[in-house]
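Results of the structural survey
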Amino acid sequence: MSRGGGKGPSLKDKLDGNELDLSLSDLNEVPVRELAALPKATILDLSCNNLISLPSDFCSLMHLVKLDLSKNRLQQLPLDFGRLVNLQHLDLLNNRLVTLPVSFAQLKNLKWLDLKDNPLDPVLAKVAGDCLDEKQCKQAAVKVLQHMKAIQSEQDRQRQRKLQAEREMEKKREAEQRAKEAQERELRKREKAEEKERRRREYDAQKAAKQEVEKKTKKETVQTRKPASSSRPPQPPRHKHSWSRSVLRVLLFVLLCVLCTLAACKLTELQRQPLCISVNTLYEDVLAALQNHKTLQNMLQQNSQQ
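Residues numbered from 1 in each chain as written. Predicted model: local features only at pLDDT ≥ 70, side-chain atom pairs only at ≥ 80, totals over all residues. Heavy atoms only, no water.

**A word on the state of the cysteines**
- Taken as a whole and judged by the stated rule, the model has 1 disulfide.
- Residue pairing for Cys131: its cysteine sulfur links by disulfide to Cys137, the two sulfurs lying 1.3 Å apart. Here Cys131 and Cys137 share a disulfide; its torsion about the S-S bond, 100°, makes the bridge right-handed.
- On the basis of relative accessible area, Cys137 is assigned to the buried category, the value being 2%. (Disulfide = S-S within 2.5 Å. Buried < 20%, exposed > 50% of the residue type's maximum accessible area, 1.4 Å probe, protein only.)

In structure tokens:
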């Protein structure tokens, strides 16, 4: 048996039927491993020792039916104390317990409980009441179990609400993330469209500028060629000039012929010929007409002077 952490006689020597009495043994810790090797010890008395806490593996002693931990210095029980599902009788008199673990509600077979002389939470102390007789201790077991079940249910509801809130928060974050991704996709799409529109405008501007330069170059080329062509003196139509010269030659030829005929008819012996007579008559008529015309001009001139 462990005493103050040391080793002593075997626990098996202390076993009396199904009851193992380790009270008044000055124990600082529970010899869980040795107790686990004695599954027949369903009644365990650890009262009047120096136990401050129970190790977590103490809850593996699921064969325990009656447990006496009174008159120790226990400040708390293990969180999984509810694993001792076969426990029916529990004595925690005169310890330093303030609360009980929520798993205490799982002790469904608990029929007897004593929590006197502990600095219990006021609510828990009121629920537990006094354990002055068998009836009160049994009522304490029932009421404390109900109280712990209510606490467990409330904690379960709070845990469910917390999980629900976390799930909703996760959904909200996922929705926000999806919205953000959709917004980023829309932004990229809009930027791509704007970039495409900008490139299209640049292309149109370059095309218009190129057309303007080509138009200006063409205009300058036309203006450059026009003065060169206009600086030349106009050339009269060659066919018109040739026709005028031909008419002039014909007129000169006709005039020459007339003069020659007139000279022949006046100065040669041909003046008695019928043709020459007609020519001479026509010549004299023309001269008379010219003289009359000159006389008429003189008369008109004199009248105008008067």
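**Concerning the pattern of salt bridges**
- Here the structure, examined in full by the defined rule, presents 11 salt bridges.
- One salt bridge in this structure joins Glu170 and Arg173, with 2.6 Å as the shortest N-O distance. Residue Glu170 and its partner Arg173 are located together in helix α3 (residues 134-230), separated by 3 residues, close to a single helical turn.
- For Arg173, a relative accessible area of 42% gives the class partly exposed.
- With a closest N to O distance of 2.8 Å, Asp204 and Arg200 form a salt bridge. Residue Asp204 and its partner Arg200 are both found in helix α3; the two are separated by 4 residues, about one turn of the helix.
- If you follow the salt bridges from partner to partner, you end up with Glu197, Arg200, Arg201 and Asp204 in one network. (Salt bridge = Lys/Arg side-chain N within 4 Å of Asp/Glu carboxyl O. Helix = DSSP H or I, 4+ residues; strand = E, 2+ residues; numbered from the N terminus.)

**Examining the nonpolar core**
- Residues Leu46, Phe58, Leu67, Phe81 and Phe104 are the most contacted members of the largest nonpolar core, which totals 40 residues.
- Elements that contribute at least two residues to this core include exactly α1 (32-36), α2 (122-128) and α3.
- Ranked by the residues each element gives to this core, the list is headed by α3, at 4 residues.
- Look past the residues within four positions of Leu67 in its chain and what remains in contact with it is Leu44, Leu46, Phe58, Phe81, Leu87, His89, Leu90 and Asp91. (Core = buried A, V, L, I, M, F, W, Y, C linked by side-chain atoms within 4.5 Å. Contact = heavy atoms within 4.5 Å.)

**A closer look at the environment of Ser278**
- Note that Ser278 resides in helix α5 (residues 274-305).
- You can call Ser278 partly exposed: its relative accessible area is 46%.
- The spacing of Ser278 and Cys265 is 13 residues in sequence and 9.5 Å in space, taken between C-alpha atoms.

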